[in-house]
Amino acid sequence: MSDNQSWNSSGSEEDLEPREESGHSVSTGAFSGVLSKWTNYIHGWQDRWVVLKNNTLSYYKSQDETEYGCRGSLCLSKAVITLHGFDECRLDISVNDSVWYLRAQDPEHRQQWIDSLELHRADSGYGSESSLRRHGSMLSLTSATSGYSATSTSSFKKGHSLREKLAEMETFRDILCRQVDTLQKYFDSCSDAVSKDELQRDKIVEDDEDDFPNTRADGEFLHNNNGSKEKLFQALNPKGINGIDFKGEAITFKATTAGILATLSHCIDLMVKREDSWQKRLDKEMEKRRRIEDSYQSALNELKKKSHFGGPDYEEGPNSLINEDEFFDAVEAALDRQDKIEEQSQTVKTRIERSSPVPLVDVYSSTGSHRFSDKVVKSIWPPLSVSAAALQVEEMVQSHMTYSLQDVGGDANWQLVVEEGEMKVYRREVEENGIVLDPLKATHSVKGVTGHEVCHYFWDTAYRNDWETTIENFNVVETLSESAAIIYQTHKRVWPASQRDVLYLSAMRKILANNENDPDTWLVCNFSVDHDDAQPTNKCVRAKINIAMICQTLVSPPEGDKEISRDNILCKITYVANVNPGGWAPASVLRAVAKREYPKFLKRFTSYVQEKTEGKPILF
């Protein structure tokens, strides 16, 4: 038996060479689409163009930028895909310390991605039995014994490696095989010789039975007719059969088997020592792993305690890992940072205005009539009909004139939460399905401005960014008339709260007084609507609003024949806000933010109006 034959009996050549797998090819068709990817706690979820191809997941900022190269990629071979426990649209893909938080448009879309990811992983061979192939890396024991031809004294020396002992075993095997073949030939020859002698003896006995010759006393020889002696049964001489030394072969066979047993014993000793060594190493690795797991768990617990951790699981939501106190502290810190940025921006703006004075212009020249015209100035498909918009605005105006101007006493249950000079802020605590919907009402008196001027600056989007510091961007979706428009705006994100956006109809109206002694009333009402060109997205939480800025101008007669100046006018402001923030956030946080931000907003806005109207003609 040759060496190659002995190894092929235990394993075919196919086990030593890599084989092509049948069935699916590793190169699977590409799958792509838009997924929302978590960027950081400032920008939140952003839409990205994601491509799955050749077992690699890549993403681009948009589909148009695929030719410029991907912004990141993950190999799915060692990736771990985790489905979120509460968000049915989200899946997380992690490779070592790199984690991609992805979110589909809906659960069905997420399932399509999951199926494609699993298909690519299966076709790549990872995680399946078909990938477990031998690649011919095992050293052939026969090659290590090619220099051995016969037994020598060096074969019985104590080696220091298992490889050397295995090589000796190969040598002993070859010798033993040759010795077995030699002994087998000897036994076959002996058997053939005995058979021939028996046949010859039987024939002689039958032919000469009646005239049997005299024999010697030893029975070995008989006399022929001519008197010569002839050997009847020749004794079998072991050396006569092919010249084989049976005794010598037996001694060699015994020595070979003794060598094999000795080598096997030494191999067992080496393997026992090797096992003890590996067991010690395994125990050390297990202990090291236990310490690392304990460290990881401790670090994870510490991260849960830190509110600045930027993962989506630490964001706003009923399943957030941030407790209510940490949530409140994080919001307060974010608002403080925004206040500092606003103060710095306002200081720079003031310096620029003082260094380059702007000539006075009539900012009200474009105001014109504030009743709805029959012509739509600008329309984006699908337009909201003017008649429907006018009807909605009329209902909101009448509602605010009826209820918003009522006194805060009685059964309304308004609670005074802030009082700063002429400004008073009231609130009623209202919750629906765990969401704070506290209506807010503020009253304020501002000298030197009229109700028309206050409402103009509050309504006109040209001045929105000058006094509204919480808006990130906004655009006019549809212009319904010269004093009514549908506006979409997104507000700056205050981490860990989610970013909000609002789609609302904004209209400005003048309400004539029923009594000539009563002042006219100017009103701006903003209320949420729906529009096909501004559908909700998963990047922002859509808030619902119903806000009214109601202003009345009180004039005190000047002394003598003097003309009315800004010192003689006073604007009485009633601001009403009913906001449904959507999403989820702790009630205490929402109430604290409202109590802090609304007075600041009202003071900031009225100061802005006073600055803009200073030195300009009065507009009643």
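Residues numbered from 1 in each chain as written. Predicted model: local features only at pLDDT ≥ 70, side-chain atom pairs only at ≥ 80, totals over all residues. Heavy atoms only, no water.

The protein chain carries the name Ceramide transfer protein in an unreviewed UniProt entry, which gives Echeneis naucrates as its organism. Listed under Catalytic activity (unreviewed entry) in UniProt, the entry text for the protein chain is "N-hexadecanoylsphing-4-enine(in) = N-hexadecanoylsphing-4-enine(out)". (UniProt positions renumbered as here; feature names shortened; annotations may be inferred.)

K.L.:
What is the right way to look at the overall build of the protein chain in this model?
P.N.:
Check the secondary structure of the protein chain and you find 10 helices and 21 strands. When burial is assessed residue by residue, the protein chain has 35% of its 620 residues classed as buried. In the protein chain, 61% of the contacts between residues at least 6 apart in sequence involve partners at least 24 apart. (Helix = DSSP H or I, 4+ residues; strand = E, 2+ residues; numbered from the N terminus. Buried < 20%, exposed > 50% of the residue type's maximum accessible area, 1.4 Å probe, protein only. Contact = heavy atoms within 4.5 Å.)

K.L.:
I would appreciate a short explanation of the packing of aromatic side chains in the present structure.
P.N.:
Applying the stated criterion across every chain yields a total of 13 aromatic pairs. With a centroid separation of 4.7 Å and 80 degrees between ring planes, the pair formed by Phe 31 and Trp 113 is classed as edge-to-face. Taken together, the residues span a long stretch of sequence, with Phe 31 in strand β1 (residues 31-38) and Trp 113 in helix α2 (residues 107-123) at a distance of 82 residues. On the basis of relative accessibility, which here comes to 23%, the residue Phe 31 falls in the partly exposed class. Here Trp 113 falls in the buried class, since its relative accessible area comes to 1%. Ring plane angle 80 degrees and centroid distance 6.4 Å describe the contact between Phe 458 and Tyr 575, whose orientation is recorded as edge-to-face. (Phe/Tyr/Trp six-rings, centres within 6.5 Å; stacked < 30°, edge-to-face > 60°.)

K.L.:
Can you help me understand the side chain of Glu 468 in this one?
P.N.:
Mapped onto the fold, Glu 468 is located in the loop between α9 (464-467) and β15 (471-481). Despite its burial, Glu 468 remains without a salt bridge, the nearest opposite charge being carried by Arg 604 at 4.2 Å. Among the polar contacts listed, one links the side chain of Glu 468 to the side chain of Thr 470, at a separation of 2.8 Å. (Lys, Arg positive; Asp, Glu negative; His and termini not counted. Salt bridge = Lys/Arg side-chain N within 4 Å of Asp/Glu carboxyl O. Polar contact = N/O pair within 3.5 Å; in protein donor to acceptor, adjacent residues only side chain to side chain.)

K.L.:
Sorry, what's going on with helix α10 (residues 587-613) here?
P.N.:
Given 3.6 residues per helical turn, the α-helix brings residues three or four places apart onto the same face. Across its 27 residues, α10 extends 39 Å between first and last C-alpha, which sits within 8% of the 39 Å expected from 1.5 Å per residue. Residue Gly 615 follows α10 closely and has a positive phi angle near 80 degrees. (Expected span 1.5 Å × (residues − 1).)

K.L.:
Would you mind going over the pattern of salt bridges with me for this structure?
P.N.:
Evaluated as defined, the whole model comprises 18 salt bridges. Its salt-bridge partner being Glu 429, residue Arg 427 comes within 3.4 Å of it at the nearest N-O pair. Lys 600 is the salt-bridge partner of Glu 597, the closest N and O atoms lying 3.8 Å from each other. Of this pair, Glu 597 and Lys 600 both sit in helix α10, separated by three residues, roughly a single helical turn. You can call Lys 600 partly exposed: its relative accessible area is 27%. Each member of the salt-bridge network shares a partner with another, and the members are Glu 332, Asp 336, Arg 596, Glu 597 and Lys 600.

K.L.:
Help me out: how do you make sense of the environment of Gly 421 in this one?
P.N.:
As for its position among the elements, Gly 421 is in the loop between β10 (415-420) and β11 (423-427). With a relative accessible area of 65%, Gly 421 lands in the exposed category. When the C-alpha positions of Gly 421 and His 444 are compared, they lie 8.8 Å apart, and in sequence the two are 23 residues distant.

K.L.:
Where do I start with helix α8 (residues 451-459) in this structure?
P.N.:
Burial analysis of α8 places nine of its nine residues in the buried class, which makes it a mostly covered element. Among all positions of α8, only Gly 451, His 452, Glu 453, Val 454, Cys 455, His 456, Tyr 457, Phe 458 and Trp 459 are buried.

K.L.:
Hey, could you run me through the confidence of the model for the protein chain in this one?
P.N.:
Low pLDDT marks regions whose predicted coordinates should not be analysed in detail. On average, residues of the protein chain score 75 in pLDDT, and 73% of them reach the 70 mark or higher. Every residue in residues 1-27 is under pLDDT 50, and counting partners more than four places away or in other chains gives 29 contacts. (pLDDT = per-residue confidence, 0-100.)

K.L.:
Is there a simple way to explain the packing of α8 against α10 in this structure?
P.N.:
Working note: a packed helix pair is described by the angle between its axes plus the distance between those axes. It is the contact of α8 with α10, at a shortest axis distance of 10 Å, that shows an interaxial angle of 110 degrees. Classified by the angle between their axes, α8 and α10 sit roughly perpendicular to one another. Crossing hand, α8 versus α10: right-handed. Every residue of α10 that contacts α8 at Glu 453, Val 454, Tyr 457 and Phe 458 is listed here: Phe 601, Phe 605, Tyr 608, Val 609, Lys 612 and Thr 613. (Axes fitted to C-alpha atoms, helices over the stretch in contact; angles between N-to-C directions. Parallel < 35°, antiparallel > 145°, perpendicular 65-115°, else oblique. Left-handed = near helix turned anticlockwise from the far one by under 90°.)

K.L.:
Please explain the sheet that holds strand β2 (residues 45-53) as it appears in this structure.
P.N.:
Two pairing modes exist for strands in a sheet, parallel and antiparallel, and in both the strands are linked by backbone hydrogen bonds. Pairing in this open sheet of seven strands is antiparallel, and the strands run β4-β3-β2-β1-β7-β6-β5 from one edge to the other. Only two strands of the sheet have a single partner each, and these edge strands are β4 (72-75) and β5 (80-83). Across the sheet, the axes of successive neighbouring strands diverge by a mean angle of 35 degrees, strand direction being ignored. Sheet analysis places β5 next to strand β6 (residues 90-95), joined by four bridges and oriented antiparallel. Residue pairing across strands places Ile 81 opposite Ile 93, the latter belonging to β6. Sheet strands in contact with α2 are β1, β2, β3 (56-60), β5 and β6, and its direction is about 115 degrees off that of β1. (Pairing = 2+ DSSP bridges.)

K.L.:
I would appreciate a short explanation of the pairing of strand β17 (residues 500-511) in the present structure.
P.N.:
Both faces of the sheet carry side chains from a regular strand, because those side chains alternate between them. The element β17 is largely enclosed, with a buried count of 11 among its 12 residues. Where strand β16 (residues 484-491) lies against β17, seven bridges are found, and the strand directions are antiparallel. Across the sheet, the residue bridging to Ile 486 is Leu 505, located in β17. Judged from the two bridges that link them, β17 and strand β19 (residues 541-542) form a sheet pairing that is parallel. Pairing of Asp 501 across the sheet is with Arg 542, part of β19.

K.L.:
What exactly am I supposed to notice about a nonpolar patch on the surface here?
P.N.:
Where nonpolar side chains cluster on the molecular surface, the patch consists of Ile 268, Met 271 and Val 272 and spans about 260 Å² of accessible area. If you trace the backbone, Val 272 turns up in helix α5 (residues 246-305). Since its relative accessible area comes to 40%, Val 272 is described here as partly exposed. (Patch = residues over 30% accessible without salt bridge, like charges linked within 9 Å, V, L, I, M, F, W, Y side chains within 5 Å. Areas by Shrake-Rupley, 256 points an atom, 1.4 Å probe, with all protein chains shown as cover.)

K.L.:
Help me understand the nonpolar core in this model?
P.N.:
Among soluble globular proteins, nonpolar side chains are generally buried collectively. Ranked by internal contacts, the top residues of the largest apolar core, which has 34 residues, are Val 454, Phe 458, Met 549, Tyr 575 and Phe 605. Those residues within four positions of Phe 458 in sequence are excluded, and the remaining contacts are Arg 464, Trp 467, Val 524, Asn 526, Met 549, Tyr 575, Phe 601 and Phe 605. Membership of the second largest hydrophobic core comes to 19 residues, among which are Val 477, Ala 507, Ala 534 and Ile 550. (Core = buried A, V, L, I, M, F, W, Y, C linked by side-chain atoms within 4.5 Å.)

K.L.:
Explanation requested: the pairing of strand β20 (residues 544-555) in the structure shown.
P.N.:
Where strand β18 (residues 521-528) meets β20, seven bridges bridge the pair, whose relative direction is antiparallel. Bridged to Val 524 within β20 is Met 549. Pairing of β20 with strand β21 (residues 569-580) involves 12 bridges; the strand directions are antiparallel. Bridging from a neighbouring strand, Cys 551 pairs with Ile 573 of β21.

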